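The chain contents come next:
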Amino acid sequence: MKKTISLAVFVLLFSIAPFVSPCQEAGSAPAPLTQGPSDPKELEAFIDGIMAAHLEANHIVGATISVVKDGQLFFAKGYGYANIKSKTPVLPDRTMFRPGSVSKLFTWTAVMQLYEQGKLDLNADVNTYLKEFQIPATFPQPITLNHLLSHTPGFEERSTGMAAREAKDLTPLGKWLASHMPARVRPPGELTSYSNYGTSLAGYIIEVVSGVPFEQYIEENIFKPLGIERSTFRQPLPEALAPDMSTGYTYKNGAFKEEKFELLNGMAPAGSLSACATDMARFMIAHLQNGAYGDARILKEETAKLMHSRLFGHDPRVNGNAHGFWEFGYNDLRLIEHGGDTVYFHSQLALIPDKNVGWFVSYNTSPGGSREQLFHAFLNRYYPASSPLADLKPSPDALKRLKKVSGVYRMTRISHTKYEKIAALLMQIKVAPTKEGTLLVKVPGDIRQYVELEPLVFREVDGQGKVVFKEDDHGRVAIAFAGDVPHMALLKLKWYEHPMFHYVIIGFCVLFFFIAAIGWPLAALSRKICRRKVEGHPAPKAARWLAGLMSACFFVFLILTAASFSSIYEVMFGVPRLFKIALAFPVIAAVLAIGVLAFTLLAWGKKYWYGCRRLTYTMILMSAVVFLWVLSFYNLLGWRL
């Protein structure tokens, strides 16, 4: 579950990770004459070399990996430690890692099982199956399971309360979903926006229709047929499995820190799986065999093929979404995959159906940024492109079109109605032309260049990623679709929505708040000591006091807000109490601003002070109004929790 206050770190980690650029050099070794790995020992030697460098360079304690081919486990190995303190090695057939959102593939497999049994209709209103609560009819179109499968239900993003500190704090799935329902912000089936809530809702529907808890259903209908015995969705871990759970780590200040087992609250179907690499191999084999595993079967062949087929895509020229899987095109191959991130574990599962090959890797340390590099190295070595990438040259007349697509964009995966929208301040994606005639795309932590393939379609320079831009009814570019992230779209921001514009506003406002809260009192103290008089007609002392108190309230809000989110991922456990207190101060400031407005009118009408000071007082009022607008824009005016 796809990086500064903690909320922004959390959202960026789950939203921007797919943009991490692959390390092409890692796969520069000569490719075998025949496509695909043929010798497990040769593959082991190849991965050993890369993994050794990755663990050291990326400060990773341990990793686990499995590769399947032609219905068999081809390679599995653990690297580093499951616990660095006890020097416990990672064992691929015992050590459990947290695959994060890779867990969703089990949930979607269960949905497809119930679909083929006639118990679920993928095109029916999900409210048909909900008993404890209902999804509001915000739009005429109902949300269906197909919308959940393709991440197109139109929900806003919410992350508050998705984790628990202790097992006693865990909430039953249905109750949690009812109390943490995100707003519907766009019609279903229109745009992708990755949704943990949507997958968890599907997991709850599995509970309702099957009549058993979600975890039990997965164990009986997927784990048991596949012989999966070292994996579980249960939280906390069963006693028999707990000793084999890898510790999660963070790397800070030159040292590794052990972290507690992560408890997902209400999001179990979206990411609570704990699994060893060989169990994940069994799951991959079943999907590559179109539902079959030995004599067992978890899906009918036609159902498995349907699940692997494209369900939704923004544009045929870029990757789309299958029924739960993401499409991924690389080196002339069509893959279906899914990434996964918890706070401390980072994973990837990918299938190459045409080659009957599957890949799984998981790391136990945050931030863990090498999974894409490793997988691309594997693909470049064993499945190289049939021909080199075409050396595209920028078109001489491309500049006009480049300017048309230039601007600031953001992901669809943000909050719209709650305080979590503040994360959008750190989620801007800048698109700008270069003097060479290429398109420069800057996302947090990464920069890429694209060259025009055709109008509004661009391919990565020295890469395979594509971006397609789309115009609105007025001929203005309003949206973009990146092939690397088919589960999200990019919306072009209007000028007043730009985070940088808001940063500038906040900076000017803080300056004038400082004048009112600190500068004027110090000046008054100086005049008193030096026995100087104020120029112009004196104003009531209440004028300065109101402006000063109002500005102080804004300062207190900013300080308390920063303190509230100083602990990384704190928001995952719920709204910090300190932040709830902080939200009172803008409300108080708004009331005080009414008094400041009255004194501003009196100052100009009765000529209080001299002109420069009246202007400063007016600017303080204007700063308050503009700052309150920014707070309202990010849902920080009032308690929108």
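This write-up is about the structure you can find in this document. (Residues numbered from 1 in each chain as written. Predicted model: local features only at pLDDT ≥ 70, side-chain atom pairs only at ≥ 80, totals over all residues. Heavy atoms only, no water.)

With respect to the packing of helix α3 (residues 104-116) against helix α9 (residues 277-288)
- In the contact formed by α3 and α9, the axes pass within 12 Å of each other and the chain directions differ by 40 degrees. Looking at the two axes, α3 sits oblique to α9. Relative to α9, α3 is oriented so that their crossing is left-handed. Counted together, L105, F106 and T109 of α3 and M280, F283 and H287 of α9 form the full contact between these two elements.
- Residues that form the contact of α3 with α9 fall into these classes: four nonpolar, two polar and no charged. (Axes fitted to C-alpha atoms, helices over the stretch in contact; angles between N-to-C directions. Helix = DSSP H or I, 4+ residues; strand = E, 2+ residues; numbered from the N terminus. Parallel < 35°, antiparallel > 145°, perpendicular 65-115°, else oblique. Left-handed = near helix turned anticlockwise from the far one by under 90°. Contact = heavy atoms within 4.5 Å. Nonpolar A, V, L, I, M, F, W, Y, C, P; charged D, E, K, R; others polar.)

As for a nonpolar patch on the surface
- Where nonpolar side chains cluster on the molecular surface, the patch consists of M500, Y503, V504, F508 and L511 and spans about 470 Å² of accessible area.
- In this structure, F508 sits in helix α13 (residues 499-530). (Patch = residues over 30% accessible without salt bridge, like charges linked within 9 Å, V, L, I, M, F, W, Y side chains within 5 Å. Areas by Shrake-Rupley, 256 points an atom, 1.4 Å probe, with all protein chains shown as cover. Salt bridge = Lys/Arg side-chain N within 4 Å of Asp/Glu carboxyl O.)

Focus on the nonpolar core
- In terms of nonpolar packing, the biggest core is built from 77 residues, with F106, L145, L148, L201 and L349 touching the most fellow members.
- Broken down by secondary-structure element, the contributors of at least two residues to this core are α3, α4 (145-149), α5 (173-179), α6 (196-210), α7 (214-226), α9, α10 (301-308) and β14 (346-352).
- Excluding anything up to four places from it in sequence, F106 contacts I218, I222, F223, I228, F233, L273, M280 and F283.
- A547, L592, L621 and F627 belong to the second largest nonpolar core, which has 43 residues in total. (Core = buried A, V, L, I, M, F, W, Y, C linked by side-chain atoms within 4.5 Å. Buried < 20%, exposed > 50% of the residue type's maximum accessible area, 1.4 Å probe, protein only.)

Section: the sheet that holds strand β5 (residues 248-252)
- Reading across from one edge, β6-β5-β16 is the order of the three strands in this open sheet, with mixed pairing throughout. In this open sheet, the two edge strands, each paired with only one partner strand, are β6 (255-259) and β16 (365-366).
- Here β5 pairs with β16 via two bridges, running parallel. Within β16, the residue paired with Y249 across the bridge is T365. (Pairing = 2+ DSSP bridges.)

Comments concerning the sheet that holds strand β20 (residues 446-454)
- The strand order around the closed barrel built from eight strands is β17-β18-β19-β20-β21-β22-β23-β24, with neighbouring strands paired in antiparallel fashion. On average, each strand axis in the sheet is tilted by 30 degrees relative to the strand beside it, whichever way the strands run.
- With four bridges joining them, β20 and strand β21 (residues 457-460) adopt antiparallel strand pairing. Its bridge partner lying in β21, V451 is registered against R459.

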